[in-house]
Amino acid sequence: MKKNATKEKIKRGEQVLGAFLGINSPPLVEMLGYAGFDFVLIDDEHGAFSPSELENIIRTADSVGLDPIVRVSYDPSSIQKALDRGAKGVQVPMVNTKEEAVEVVKRAKFPPYGNRGVSYSTRPARYGKESGKPYLDESNENVMIIVHIETQTAASNFEAIATVPGIDLAFIGSTDLSVNMGYQLEGASHPDVQKVINQLFTQGRELGVPIGTVAGNGAAANDAFDKGAQYVGVILNNVITSALNDVVLSSKPVHPIK
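Residues numbered from 1 in each chain as written. Predicted model: local features only at pLDDT ≥ 70, side-chain atom pairs only at ≥ 80, totals over all residues. Heavy atoms only, no water.

**As for the overall build of the protein**
In terms of regular secondary structure, the protein is built from 12 helices and 8 strands. Relative to a compact globule of 258 residues, whose C-alpha radius of gyration would be 18 Å, the protein shows 19 Å and is just as compact. Referenced to the eigenvectors of the C-alpha coordinate spread, the extents of the protein come out at roughly 70 × 45 × 30 Å. Of all 258 residues assigned to the protein, the portion counted as buried reaches 47%. If you sum the accessible surface of the protein, you get close to 12,500 Å²; carbon and sulfur atoms cover 54% of it. Distance between charge centres in the protein, computed from 25 positive and 30 negative side chains, equals 5 Å. (Helix = DSSP H or I, 4+ residues; strand = E, 2+ residues; numbered from the N terminus. Rg over C-alpha atoms; globule rule 2.2 N^0.38 Å. Buried < 20%, exposed > 50% of the residue type's maximum accessible area, 1.4 Å probe, protein only. Areas by Shrake-Rupley, 256 points an atom, 1.4 Å probe, with all protein chains shown as cover. Lys, Arg positive; Asp, Glu negative; His and termini not counted. Charge placed at Lys NZ, Arg CZ, Asp CG, Glu CD.)

**Let's talk about the packing of aromatic side chains**
Across all of its chains, the model carries 5 aromatic pairs by this definition. Ring centres 6.1 Å apart and planes at 50° place the aromatic pair Phe110 and Tyr135 in the tilted group. Taken together, the positions of Phe110 in the loop between helix H5 (98–108) and helix H6 (132–142) and Tyr135 in helix H6 put the pair 25 residues apart, joining distant regions of the chain. One exposure class covers both Phe110 and Tyr135, and it is buried. Ring centres of Phe171 and Tyr231 lie 6.1 Å apart, and the angle between their planes is 90°; this geometry places the pair in the edge-to-face category. Of this pair, Phe171 sits in strand E6 (residues 169–172) while Tyr231 sits in strand E8 (residues 231–235); the two residues are 60 residues apart in sequence, bridging distant segments of the chain. This pair shows no difference in class: Phe171 is buried, exactly as Tyr231 is. Through pairs of rings, three or more aromatic residues link up here, namely Phe20, Phe39, Phe171 and Tyr231. (Phe/Tyr/Trp six-rings, centres within 6.5 Å; stacked < 30°, edge-to-face > 60°.)

**With respect to the side chain of Asn4**
Structurally, Asn4 is set in the segment before helix H1 (5–11). Of the residues examined, Asn4 reaches a relative accessible area of 0% and is grouped as buried. Those residues in contact with Asn4 that sit more than four places away from it in its chain are Asp67, Lys88, Asn142 and Met144. (Contact = heavy atoms within 4.5 Å.)

**So, the nonpolar core**
Membership of the largest hydrophobic core comes to 58 residues, with the highest contact counts inside it found for Leu21, Ile42, Val70, Ile79, Val90 and Phe158. Per-element accounting of this core gives the leading share, 5 residues, to helix H10 (residues 191–207). Setting aside residues up to four positions removed in sequence, Leu21 forms contacts with Leu28, Val29, Val40, Leu41, Ile42, Asp43, Phe49, Ile57 and Leu236. Counting 11 residues, the second largest nonpolar core, distinct from the first, contains Phe39, Leu41, Ile69 and Leu169. (Core = buried A, V, L, I, M, F, W, Y, C linked by side-chain atoms within 4.5 Å.)

**Some details on the sheet that holds strand E2 (residues 39–43)**
Within the closed barrel, the 8 strands sit side by side as E1-E2-E3-E4-E5-E6-E7-E8. Their pairing is parallel. When strand polarity is set aside, the average angle formed by the axes of neighbouring strands in this sheet is 25°. Against the sheet, helix H3 (residues 51–63) engages strand E1 (16–21), E2 and strand E3 (67–71), with an angle of about 150° to E3. (Pairing = 2+ DSSP bridges. Axes fitted to C-alpha atoms, helices over the stretch in contact; angles between N-to-C directions.)

**A few points about a nonpolar patch on the surface**
Taken together, Ile23, Ile240 and Leu244 make up a surface patch of nonpolar side chains, about 240 Å² in accessible area. The topology assignment puts Ile240 in helix H12 (residues 236–251). Among the residues examined, Ile240 registers a relative accessible area of 30% and is labelled partly exposed. (Patch = residues over 30% accessible without salt bridge, like charges linked within 9 Å, V, L, I, M, F, W, Y side chains within 5 Å. Salt bridge = Lys/Arg side-chain N within 4 Å of Asp/Glu carboxyl O.)

Here it is in structure tokens:
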């Protein structure tokens, strides 16, 4: 089984860059790999993917050296299905308590650390060519488990959530956090939201917990890295829309065509 390069980089204190993907487009995943991104964050919470499409996106990511991470849905089986398709990690939204974080770890890891169901006929086990304790142990070591901190409750419970054994990284969902705090209009830029975000970064440093967050573009990603984030996912739809808008704005004729 190939090592999870993104997880290894995080362990070494390095910073990694990925992109949120909500579009079923293998060519777009190939472009991300060729561009040099570290991981693709396949958005099965808000994106539109069937199970077979999810697997094909993961397979494409593997082919271009991208680590496929899946932001799972709220279906209790979504962690199992993502990992059985070959995801190198799962990113779980709306984790608000220690108990919920413990349950996430249990769903993502095989016994004795969790209760993930075992099948050796899946992609990660090379359809039966790998099995037994070596496969189970390597899978447990390789999987990256990321929890979203995106409500006031989660922020208040940050230490209890982020220090659960098996949690590799805490991801600040700034948009949901701002809405949860009542700033639907102002968004994450509101000073009260920024105060909470800065506190989470401080707590992460103090506890030795890697922090991840979202960015709308390259400049925002650099700001997040400067703040101390080790794991940043840019919103691919924003990047594409911005690029398309720039083309339209820069290509309009000065005079009407006659």
